[in-house]
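# Notes for the structure review
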Amino acid sequence: MGRKISKVLKQSGVIPYRVNNGKVEILLITTRNQQHWVIPKGDIPSGMSPPDSAAKEAWEEAGVIGQVDANQLGTYKYRKQGKAYRVKMYLLPVDILSEDYPEATKRKRQWVEVNQAIRCIKFSSLKRVMKSFFQVKSSSCAFRC
C-alpha cells in the first residue's frame, strides 16, 4: 500500500575543462555503450572524499589528470535501472591528457566549447549546473551528439 522509499545513491563527477585560444572547452566522454555524451562520474568508495573520487573517475573514464577544485559546483539527480542517483559535481582543470587509461577502449572523448557541451549532455539537471556556472546559452552542436 505505502510507496516504496528508495535510497538515493551518492556519486561524484567532474567537468574536465581547458582554455584553448581564449575559449573554455569541456571534455565530454561517451557512455560505455557510446549512446550518449556524459562527463566522468561514479560511485564514491568508502573512505574516499567526493573530490578524490571524482578525480579517480576522471582518470579511469577520460584519461585526464588535474587538481579537482574542492568547491562543489552543484549537484544533479538522475535515475538508471530503477535506482536514484545524486551526483556532486566539481571542476577539473586538465593538466594531463593521456592516450592510455583504463576505459580508453570503451569510450570516445571529445573537446567541445561550453555551449556545445551543454547542448549535447543528456541530463537536464546536469545542463542546469553547467549553465549556472558557465553562464552561457545553448546553441547548436557542431559535432554529432
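Details of the structure are given in the entry above.
Parameters at a glance
In this numbering scheme, every chain counts its residues from 1 along its sequence in written order. Confidence filtering applies because this is a predicted model: local features only for residues at pLDDT of at least 70, side-chain atom pairs given and counted only at 80 or more, and all residues used for totals across whole chains, interfaces and linings. To get the side-chain values, take all heavy atoms of the structure and skip hydrogens and water. To qualify as a nonpolar core, a set must consist of buried Ala, Val, Leu, Ile, Met, Phe, Trp, Tyr and Cys residues joined through side-chain atoms within 4.5 Å. Burial status follows relative accessibility: with a 1.4 Å probe on protein chains alone, a residue under 20% of its type maximum counts as buried, one over 50% as exposed, and anything between as partly exposed. Helix and strand definitions follow DSSP, with helices as H or I runs of at least four residues and strands as E runs of at least two, each counted in order from the N terminus. Contacts: residue pairs with any heavy atoms within 4.5 Å of one another. Read the arc as the range of directions from the helix axis to the C-beta atoms. Paired rings are identified among Phe, Tyr and Trp, the last through its six-membered ring, by centres lying within 6.5 Å, and are further divided according to the angle between planes into stacked (under 30 degrees), edge-to-face (over 60) and tilted (the rest).

## Observations regarding the nonpolar core
If you look at the biggest cluster of nonpolar residues, it comprises 23 residues, and the most contacted ones within it are I15, I26, L28, Y76, M89, L126 and M130. Of all the elements in the fold, those that place two or more residues in this core are β2 (23–30), β6 (74–80), β7 (83–93), α2 (114–120) and α3 (124–134). Not counting residues up to four positions away in its chain, the partners in contact with I26 are I15, P16, Y17, Q110, W111, V112, V114, A117, M130 and F134. Among the nonpolar cores identified, the runner-up in size contains 13 residues, and L27, V68, L92 and V94 belong to it.

## Structural notes on the environment of G66
Tracing the chain through its elements places G66 in the loop between β5 (64–65) and β6. Sequence separation between G66 and Y17 is 49 residues; the distance between their C-alpha atoms is 9.8 Å. Each residue touching G66, except ones within four places of it in the same chain, is listed here: L92, P93 and D95.

## What about α3?
Among all positions of α3, only S125, L126, V129, M130 and F134 are buried. Taken around the axis of α3, the buried residues stretch over an arc of 160 degrees, which confines them to a single face. Where α3 is buried, its residues touch β1 (8–20), β2, β6, β7 and α2.

## A short note on the packing of aromatic side chains
Considering all chains together, one arrives at four aromatic pairs under this definition. Centre to centre, the rings of Y78 and Y85 are 4.8 Å apart; their planes meet at 10 degrees, and the pair counts as stacked. Like Y85, Y78 is buried. With centroids separated by 4.9 Å and ring planes inclined at 35 degrees, the aromatic side chains of Y78 and F123 adopt a geometry described as tilted. A residue pair is termed long-range when its members are at least 10 positions apart, and Y78 in strand β6 and F123 in the loop between α2 and α3 qualify at 45 residues. There is no split in this pair, since Y78 and F123 are both buried.

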